[in-house]
Amino acid sequence: MKRVVITDHPLIQHKLTLMRKTSTGSKDFRELLTEITMLMGYEVTKDLPLRDVEIETPIQKTMAKELDGKKLAIVPILRAGIGMVDGFISLIPAAKVGHIGLYRDPETCEPVEYYCKMPQDIGEREVFLVDPMLATGGSATAAIELLRARGAKNIRMINLVAAPEGIEVVHSKYPEVDIYVASVDEKLNDHKYIVPGLGDAGDRLFGTK
Ligand code: PRP
Ligand code: URA
C-alpha cells in the first residue's frame, strides 16, 4: 500500500540530469527517455512470475526459467507518455498498448480527456501506466479512473519525475497503485510545473512550442 519505488541507479540519474538541461535538444531528449525507460523497466518488471520449462542446450537437456505468460499492457498518457512506449515494448514485445489522451487545461491545470482506446481484455492485464511527468496528479488520477472504469484491476504507474504533491494525490485516491519514479523533485511552482523538473516534457519530446 502507498508504495513509491525510486529507481536511483547511477545510469538513470546521469541520463536524467542530461534530460533536465535546457541545452538538450529533442533528439537526445527522446533517446535518453527511451534508455531510462528500459533501465527503469528492469525494476518495474522485477516481480513478474516465472515458470520452469525443459529446454535443450547444445550440451544437454536442462530445466530453465521463462516468463509465466502474464498478460501485460503498456498505457501511455498522451502525448508525453508515448516517449516511454518503445523502451517498454523492446523489453516486453508481447505486451499490448492502450492509449489515453489527456491534456492539462492551461488555465485551470485540470486534465481534459480527448482519447481512450484500450485492448479489449484490459481487465485481465497487468497495466503499466506511463507518463514522464507526475505534477499535480490530475492526469494520473483521471487515467487510473478511465482504466478502472474499463475493468483494469492491477495498475502500476511509471514516471520519470514526480512532485510530492502528485504522489500524494494519486495515493490518497488509489493507495494500491505502486509508483515507480526516477526522481521525486522538490515542489510545484505557481504554474503547477515541477521544480526543478525538466520543463514541458511533451514539447521537449516533440519539438513543439
Ligand atoms: C503533462 C504530462 C502529464 C501531465 C502532468 O502533459 O505529460 O500528462 O502534464 O501534469 P499533472 O500531474 O498536473 O496532471 P500535458 O498536459 O502537458 O500534455 P502533453 O503531454 O500533450 O504535452
Ligand atoms: N507537465 C510537464 O510536462 N511538466 C511539468 O513540470 C508539469 C506538467
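In this numbering scheme, every chain counts its residues from 1 along its sequence in written order. Each chain is given a letter, starting from A, and each ligand a number, starting from 1, according to the order in which they appear as written. At least 70 in pLDDT is required for a residue's local features to be given in this predicted model, at least 80 for side-chain atom pairs to be given and counted, and no such filter applies to totals for whole chains, interfaces and linings, which use all residues. Derived side-chain values reflect all non-hydrogen atoms in the structure, with water molecules and hydrogen atoms excluded from consideration.

Naming follows an unreviewed UniProt entry, where the chain appears as Uracil phosphoribosyltransferase of Peptostreptococcus stomatis DSM 17678. Under the UniProt heading Catalytic activity (unreviewed entry), the note attached to the chain is "UMP + diphosphate = 5-phospho-alpha-D-ribose 1-diphosphate + uracil". UniProt positions are given in the numbering used here, feature names are shortened, and annotations may be inferred rather than shown by experiment.

Undergrad: How do you make sense of the overall build of the chain when you look at a structure like this?
TA: Helix and strand labels come from DSSP, where a helix needs a run of H or I of at least four residues and a strand needs a run of E of at least two; each type is numbered from the N terminus. Along the chain, the regular secondary structure elements total six helices and 13 strands. Our radius of gyration is a C-alpha quantity, and the globule rule it is checked against amounts to 2.2 Å times the number of residues to the power 0.38. Computed over C-alpha atoms, the radius of gyration of the chain comes to 18 Å, within 12% of the 17 Å expected from 2.2 N^0.38 for 209 residues, which places it in the range of a compact globule. Summarising its shape, the C-alpha atoms of the chain cover approximately 65 × 40 × 30 Å along the three principal directions. Considering the chain as a whole, with its 209 residues, one finds that 47% of them fall into the buried category. Pairs of residues are marked as contacts when any of their non-hydrogen atoms sit within 4.5 Å. Within the chain, counting contacts between residues at least 6 apart in sequence, those at least 24 apart form 63% of the total. Burial status follows relative accessibility: with a 1.4 Å probe on protein chains alone, a residue under 20% of its type maximum counts as buried, one over 50% as exposed, and anything between as partly exposed.

Undergrad: Would you take a moment to explain the site of ligand 2 for this structure?
TA: One heavy atom within 4 Å of a molecule or strand makes the whole residue count as near it. Neighbouring residues of ligand 2: Arg-104, Met-133, Ala-135, Lys-192, Tyr-193, Ile-194, Gly-199, Asp-200 and Ala-201. Between N or O atoms, a polar contact is any pair within 3.5 Å; within protein, one atom must be a potential hydrogen donor and the other a potential acceptor, and residues adjacent in sequence are included only when both atoms are from side chains. Note that a nitrogen atom of ligand 2 is positioned 2.8 Å from one of the backbone N or O atoms of Gly-199. Ala-201 places a polar main-chain atom, nitrogen or oxygen, 2.8 Å from an oxygen atom of ligand 2. Residue exposure ignores everything except the shown protein chains as possible cover, and the areas themselves are Shrake-Rupley values with a 1.4 Å probe. Contact with the protein chains hides 88% of the accessible area of ligand 2, taken as 240 Å² for the molecule alone. Three classes are used: nonpolar for Ala, Val, Leu, Ile, Met, Phe, Trp, Tyr, Cys and Pro, charged for Asp, Glu, Lys and Arg, and polar for all others, with Gly counted as polar. Residues belonging to the shell around ligand 2 are distributed by class as follows: five nonpolar, one polar and three charged.

Undergrad: I'm lost on the UniProt feature "domain: Phosphoribosyltransferase" (unreviewed entry) in the chain in this one. Help?
TA: Residues given the UniProt feature "domain: Phosphoribosyltransferase" (unreviewed entry) here are residues 6–208. Between the C-alpha atoms that bound residues 6–208 there is a distance of 30 Å. The span itself is 32% helix and 31% strand.

Undergrad: Would you explain the pairing of strand 2 (residues 50–56) in this entry?
TA: Strands are labelled as partners when DSSP assigns at least two bridges between them. The pairing of strand 2 with strand 3 (residues 61–67) spans seven bridges and is classified as antiparallel. Residue Glu-54 lies in a different strand from strand 3, and its bridge partner there is Met-63. Between the antiparallel neighbours strand 2 and strand 3 lie four residues.

Undergrad: Would you take a moment to explain the pattern of salt bridges for this structure?
TA: Between side chains of opposite charge, pairing is possible as soon as their charged atoms come close. Only one rule defines a salt bridge in this text: a Lys or Arg side-chain nitrogen within 4 Å of an Asp or Glu carboxyl oxygen. Under the criterion given, the structure shown has 17 salt bridges. Measuring nitrogen to oxygen at the nearest pair gives 3.8 Å for the salt bridge that ties Glu-126 to Lys-70. One end of the pair, Glu-126, is in strand 8 (residues 126–130); the other, Lys-70, is in the loop between strand 3 and strand 4 (72–78), and 56 residues separate them in sequence. Accessibility expressed as a relative area gives 8% for Glu-126, which makes it buried. Beyond isolated ion pairs, a larger network of salt bridges with shared partners links Asp-47, Lys-70, Glu-126 and Arg-156.

Undergrad: Got a minute to help me understand the UniProt feature "binding site: uracil" (unreviewed entry) in the chain in this structure?
TA: Those places that UniProt annotates as "binding site: uracil" (unreviewed entry) correspond, in this numbering, to Ile-194, Gly-199, Asp-200 and Ala-201. Within the secondary structure layout, Gly-199 lies in the loop between strand 13 (194–195) and helix 6 (201–206). Given a relative accessible area of 36%, Gly-199 falls into the partly exposed group. Contacts of Gly-199, omitting those with residues within four sequence positions, involve Met-133 and Tyr-193. Beyond its immediate sequence surroundings of up to four residues, Asp-200 is in contact with Arg-79 and Tyr-193.

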